[in-house]
Every structure is written in C-alpha cells, then in structure tokens.
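Below are the chains, spelled out letter by letter.
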Amino acid sequence: MNYYLMSAGSLPNQDYRWWQFSEDEKLMPADPPLIRQLAGPTGQLSDWLDDEGVSILLGQCKKLPGLLITSLPTGRCDYQQRPIRNYFGCQATSPDEQLAIRTLTASALADYRMIGDALDQAVTTKAKSKAVSSDPGFKFDWQQWENALHHLFSMQIQDDHPSEPINEAKKWGRRLRFRIAKDSWSRRKELIQYLLNDDLPLPKHLTIILLATRYKESAFFWANHHKIGAVLSALEESAEWQQAGLIRRLTGFIRGFSG
Amino acid sequence: MAGTTLRITMLGPRGVGKTSLLASMYNEFDVAVKNMGGLTLVPSTETSRILSERLAELKRQTEVLSSGYDSSGTGVSGTAVSREFLFELGLIAKPLEIKLVFTDFPGGFVTIQPQTVLDFIHEADVMVLAIDAPALMEQKGRWHETINAPRQMTDLIKRAVQAGHETKLLLLAPIKCETYLQSPRQSAELLATVKDRYHPLLSFLNADRLPNRIAVAITPVQTLGTVRFDRIEKTADGLKFFFRKIPGQGNYAPMYVEEILRYTLGFSIKKYLDDLSWFMRLFKLTRPFEHAIRKMAAERKESNDGFQILQGKDLLNLKH
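Reading the values: rules and limits
Residues numbered from 1 in each chain as written. Chains lettered and ligands numbered in written order. Predicted model: local features only at pLDDT ≥ 70, side-chain atom pairs only at ≥ 80, totals over all residues. Heavy atoms only, no water. Helix = DSSP H or I, 4+ residues; strand = E, 2+ residues; numbered from the N terminus. Buried < 20%, exposed > 50% of the residue type's maximum accessible area, 1.4 Å probe, protein only. Areas by Shrake-Rupley, 256 points an atom, 1.4 Å probe, with all protein chains shown as cover. Lys, Arg positive; Asp, Glu negative; His and termini not counted. Charge placed at Lys NZ, Arg CZ, Asp CG, Glu CD. Core = buried A, V, L, I, M, F, W, Y, C linked by side-chain atoms within 4.5 Å. Contact = heavy atoms within 4.5 Å. Buried area = accessible area lost by both parts, 1.4 Å probe. Salt bridge = Lys/Arg side-chain N within 4 Å of Asp/Glu carboxyl O. Nonpolar A, V, L, I, M, F, W, Y, C, P; charged D, E, K, R; others polar. Axes fitted to C-alpha atoms, helices over the stretch in contact; angles between N-to-C directions. Parallel < 35°, antiparallel > 145°, perpendicular 65-115°, else oblique. Expected span 1.5 Å × (residues − 1). Bend = angle between axes of the 7 residues up to and from the residue. Domains from an automatic or database assignment. Polar contact = N/O pair within 3.5 Å; in protein donor to acceptor, adjacent residues only side chain to side chain. pLDDT = per-residue confidence, 0-100.

1. Quick word on the overall build of chain A
Now for step 1: Helix and strand content of chain A: 7 helices and 12 strands.
Now for step 2: Every one of the 259 residues in chain A was classed for burial, and the buried ones make up 56%.

So, in structure tokens, the structure goes:
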C-alpha cells in the first residue's frame, strides 16, 4: 500500500502539497495516483468534492482501489495562526490490499476522527523532516502511524447513530451503481455495511466508487454519472437515493427544455 | 443564466489573505451597491456555503481578539486546493447578465505548479495581487521578502503579461491595512511603500506599449476593520503575527473591500463594451444593468485613502 499526506508547515514557504510517506520516514513529493485519474474540468480535486470540509472518496486507479480524505483537523497552526489541515491518501498496489482500503473507508465513514487523529499524532514538528527536496515543515513518525493503523484495523466499527436505522428497502444489492442522496447516517451505514461485506464487489469500471462530501451540487455528478457510484452530498435535497436512468434523462430533458 | 463571463484571479503567496479578501468582498457587495439601481450578486450554492463559512471564521477571529485570548487556530483556514468561486450579477428580479468567476489557489502553487498559475493569469481579465501590509510596513519591511515574495510574484506576472495580448487589470491590494490607513500621512506612506517595493514590477508594466493594455491600481483594504497590528514574534515553529482588537468598536467591520469590485466591474464592462460593435451591444447587456454598473464603478476611490490608478486610466474610464 502506498500512503500519501497533503499538509503544510508553519512557515510561509511550507505550503500545502502532497507527499508520499513510507517506512524509512522519508517524505517524497508525489500526488496520489487518484488525483491524476480524477482530473476534472479545471484539473483540480475541488471539481469533484468540497475539500473545505471532510470529504471521503473511494476511487479506483488501474483497477486498484484508492482512498482520499480531505481537511482532517490537526493541532497545528501556521504563521498567521490559521489552523493547518491534513489530507490523507492511500492507494492499493495489489488486489490483496482491497480489504484494508475497504476497512479504512468504512472506518472513515463511521468516524473520520479516528484516521484524522492517527495522522495528526504521526505528524510532528519536533525535528527537521527527512524530505528528499524542500523541508515541508513537519516530520512523519512511521512507527506511530503503523501502531495507529493496527489499532484501527482491530477495532469493531460502532453504530453511534442507532436512531437512524438502515432503510432495508433502499439497501444496496450486489452492485454499487450511481445513486445520489443527501448525506445522512442511515445512508452511510448502508455503505459501511456494503464495504465490510467483502463478498460484495467493488465495480471495476468506476473512477469514483463512493464519495461523501459537503457542499457539492449534484449537476456535476449527474453529468459524470457513468464514472461514479454512490454519492452523498450535504447539498442534495432528496432524502431518498436517486438513481441514474429515467430520473437523469427526465432531469436532462427538463433542463434542456428550460435552458 | 448569465451570458458573459469575467474571470478574476487572486494572486499572492501563502497566508497573505486571498480567501479572506474574497469572503469580505462577497459580504460587502450589498453595501457597495446600495442605491445602485438594484444590482445584485448571486453566488452559486457551493460558493455561498463555502464563503459563508469563511466569513464566520473571520468574524470569530475578531471576537477572539476582542476577548483578549490567544487567537491561534482561529484564522481563516489556508487554501489547500485551487477552486473557482462562481457568482452571477444582474438586476434584482431580472435575468442575471454577467458571470463572475474568481479563481483562488494555494500560494504554494506558484512554486509547485507554476504552469497552472500562468494558465489562471492568461485566462483572467483581472488579477488581484494580495499583499500582506504588516509584512510590508513593519520593522522597515524586514519580513516583506519572506511573506510577500515580491520577486517571485513579479517574475510570474512578467511571464504571463509578456506572453499575452489581452487587456488586463492588475490590482495591487495590500491586505490587513487597518493600522496604516488612519491618517492621510499614513495612507501616503503605505502608497509610497507599495510603489517602492514593487518598483521592478511597476516599471516593467509601464514600459513600451504595456500601459495601453495593462491597467494598474493600488487598492488597500481593511479585511477585519476593527483590529490593529500588535507585534511579530519569532517562535520555535517560526514566525507569528499578532493583532489586537480596538476596544469599544464593533467586531467585524471590513473597509474598502468593495472597491476591488468597483474597479473590477468598471474595467470589465469597459473592456466588454470596447470589444463589441454598437449593434451587438444593443443585444447583450440591458441598458438599466449597464447604467447601474457605470454608476457603481464611478464611485470608486481613485486618489485618497491610499488608492491610486498608476496606469491605464483609459482602460478604466467608462464614458457616460
């Protein structure tokens, strides 16, 4: 598995950028492969999700899954006393790692703070980092990260929102396909259940298998529905899962007619 | 749906306040267009939600400062990913006529993705170069190079302007100017310092025929309004800038941020009208909308409070 972190240091020249981190604790400037795969109209991650808040994206690159989580809070501040955030990425390098990515995604959907805290504790500012180029302004503690990961994988995902049960009628079948809905705990639980059942496949043809984001209007997702699976957006008004197909064709027809 | 698109790119190194400026501008638009024939700025839902959060952060920052607590972690979060903020402009209860696209990107892109930044500049009608005023003015500008990276910004703008043929407006916008605009003498000092510290850029832009297509103005803003610069401290993590609240004043009262919109719209409408034949003009913008924009642009500050048009006045003047 390859791991990536986008963060910033406290100094003006230590701005946000993606780094690949590894066991030797060296930080190498490198974008997660999913970022290149996602290149949208402006070529930026913000085409697909709202990175100002925590968004969780399970995607696919060369038929191997990858995960991106944006805007995880940290305890660090920059020179203007602005909070620094961590962005996390990981990419499977073999099919065997699918299970780990599914578990990490399910864990992030249940409570992003577990991965967020693990990452924040592994990022320290105490000593100069072993970055291969410029100094990012932080150091990565691999041992700390590995311990946190072990802990995370050994934990049972808790249902902290029992008052929002899964709607059995709306549950996923054997295949994730394009559906979009307002982000809610019951919707998240449906996805967690799907991810934790490793008999259920991750569709090979999708760029984005699932996405939970905040302020992203649905028009972009409708336009790219052939590349996308499940989308949860805080801006979606419907409480029910909307599916591609008749609704999409009707929406397109109405938009074309009125515009 | 608005037909014409105006592109504005926010430039400046990390942490100078590009996004805060954008959030303040959005907040102050209604003040700027009061009695302007019913102009209205309508953000996209995403833009509205994100800028509203940024505004809330700005207001919270002022409140924390007024309470006397350490304001660490209360500033507007830095930008990690580039994004477009979309607005449409028109008259209330009428079809919206112009689309405004503000591009905001992490300051570090200038180093990491210079071509992306050059592309943003090429596409833009207006460039707003945000300058951290305390770094420029305090301790005889000791931190100006570190924080505002003027050489890097100059080289970038030079490259972009050299390669293009388009008419553009460059606004040099010193941010967090609360401490430096309290008297005419201070305003004059701020203006002189900007001109002095950006002399290589300004003299390049003033050479040959560039003034015919590049308008340049200095437009200082007070992002929070009710704070003053306090001190700079060197800490184990690096550098920290501190501000303090002025007792007895409201919590959040930005000043002059709307001037950037006055300049931007005035320039853009002029450019738009110059590019069109009179026949096309009849069918593109409605007369009441054009009139409202002219009125708004005509009220801009040009020669006081640290404002000055340095070149390309013809590109900014809308004839009545």
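That was the structure; now back to the text.
2. Thoughts on the overall build of chain B
Now for step 1: Counting its secondary structure elements, chain B contains 13 helices and 10 strands.
Now for step 2: On the principal axes, the C-alpha backbone points of chain B span a range of 65 × 45 × 40 Å.
Now for step 3: Looking at the 320 residues of chain B, the share that counts as buried comes to 62%.
Now for step 4: About 13,300 Å² of surface is accessible on chain B, with carbon and sulfur atoms providing 50% of the total.
Now for step 5: In chain B, the 41 positive side-chain charges and the 35 negative ones have mean positions that sit 2 Å from each other.

3. A short note on the nonpolar core
Now for step 1: Formed by 107 residues in total, the largest nonpolar core has its most connected members in Leu39, Phe102, Leu129 and Phe241 of chain B.
Now for step 2: Here this core gets 9 residues from one element, more than from any other, and that element is helix 10 (residues 257-275) of chain B.
Now for step 3: When neighbours within four sequence positions are excluded, Phe241 of chain B is seen to be in contact with Tyr79, Gln80 and Gln81 of chain A together with Asp132, Pro134, Ala135, Trp143, Ile147, Phe229, Arg231 and Ile232 of chain B.
Now for step 4: Core analysis: the next-biggest nonpolar cluster, separate from the first, contains 47 residues, Ile56, Ala110, Leu191 and Trp241 of chain A among them.

4. Here's the deal with the interface of chain A and chain B
Now for step 1: Contacts between chain A and chain B engage 33 residues on the former and 42 residues on the latter.
Now for step 2: For the pair chain A and chain B, the summed buried surface comes to about 3,300 Å²; carbon and sulfur atoms form 47% of the total.
Now for step 3: It is Tyr79, Gln81 and Arg82 of chain A that lose the most area in chain A upon contact with chain B, and together they represent 23% of the buried surface on that side.
Now for step 4: Counting across the chain A and chain B interface gives 7 salt bridges.
Now for step 5: Note that Glu52 of chain A is salt-bridged to Arg54 of chain B, the shortest N-O span being 2.6 Å.
Now for step 6: No other element matches the 4 residues that strand 6 (residues 83-91) of chain A contributes to the side of chain A that touches chain B.
Now for step 7: Residue composition of the side of chain A that touches chain B, by class: 13 nonpolar, 9 polar and 11 charged.

5. A closer look at the packing of helix 2 (residues 98-110) of chain A against helix 3 (residues 112-122) of chain A
Residue and element names in this part refer to chain A.
Now for step 1: Running from amino to carboxyl end, helix 2 crosses helix 3 at an angle of 110°, the nearest separation of the two axes being 5 Å. Looking at the two axes, helix 2 sits roughly perpendicular to helix 3. Between helix 2, through Leu104, Ser107, Ala108 and Ala110, and helix 3, the contact on the second element is made entirely by Tyr112, Met114 and Ile115.
Now for step 2: Counted by class, the contact of helix 2 with helix 3 contains 6 nonpolar, 1 polar and no charged residues.

6. Description of helix 1 (residues 18-32) of chain B
All names here are of chain B.
Now for step 1: Its 15 residues give helix 1 an end-to-end C-alpha distance of 20 Å, which sits within 8% of 21 Å, the value for a rise of 1.5 Å per residue.
Now for step 2: Where helix 1 bends most, the angle comes to about 35°, and this point is Tyr26.
Now for step 3: Among the 15 residues of helix 1, 12 are classified as buried, and the element is accordingly described as predominantly covered.
Now for step 4: Residues of helix 1 that are buried include every one of Lys18, Thr19, Ser20, Leu21, Leu22, Ala23, Ser24, Met25, Tyr26, Glu28, Phe29 and Ala32, and no others.

7. Here's the deal with the domain arrangement of chain A
Residues and elements named next belong to chain A.
Now for step 1: Domain annotation of chain A identifies domain 1 (2-154) and domain 2 (168-258).
Now for step 2: Contact residues are listed per partner, giving 29 residues for domain 1 and 31 residues for domain 2.
Now for step 3: Interface of domain 1 and domain 2: buried area, both sides summed, is about 2,400 Å²; carbon and sulfur atoms make up 60% of it.
Now for step 4: When the area that domain 1 buries against domain 2 is broken down by residue, the three leading residues are Trp48, Arg102 and Leu109, summing to 33%.
Now for step 5: Along the contact surface separating domain 1 from domain 2 lie 1 salt bridge.
Now for step 6: Here Asp50 and Arg214 are joined by a salt bridge, their closest N and O atoms 3.0 Å apart.
Now for step 7: Along the contact surface separating domain 1 from domain 2 lie 18 residue pairs in polar contact (both at pLDDT 80 or more).
Now for step 8: Breaking the side of domain 1 that touches domain 2 down by element, the ones donating at least two residues are helix 1 (33-38), strand 4 (56-61) and helix 2.

8. A few points about the confidence of the model for chain B
Now for step 1: Across chain B, pLDDT averages 86, with 91% of residues at or above 70.
Now for step 2: Averaged pLDDT values over the elements of chain B bottom out at 57 in helix 11 (residues 278-284) of chain B and peak at 97 in strand 7 (residues 214-218) of chain B.

9. Describing the pattern of salt bridges
It is possible for side chains bearing opposite charge to pair when their charged atoms get close.
Now for step 1: Under the definition given, this model contains 27 salt bridges over all chains.
Now for step 2: One salt bridge connects Lys216 of chain A with Glu46 of chain B, and the closest N-O pair in it is separated by 3.0 Å. Placement of Lys216 of chain A in the loop between strand 10 (208-213) and helix 6 (218-223) and of Glu46 of chain B in helix 2 (residues 45-67) is noted, with the two residues assigned to different chains.
Now for step 3: Looking at Lys216 of chain A, the relative accessible area reads 7%, which means it is buried.
Now for step 4: Across the pair Arg294 of chain B and Glu290 of chain B runs a salt bridge, and its minimum N-O distance is 3.0 Å.

10. What to know about the environment of Thr207 of chain A
Residue and element names in this part refer to chain A.
Now for step 1: Its location among the elements puts Thr207 in the loop between helix 5 (185-196) and strand 10.
Now for step 2: In the structure, Thr207 is positioned 146 residues away from Cys61 in sequence and 7.0 Å away in space, judged by C-alpha atoms.
Now for step 3: Sequence-distant contacts of Thr207, that is, excluding residues within four places in its chain, are made with Leu34, Gln37, Leu38, Gly59, Gln60 and Lys227.

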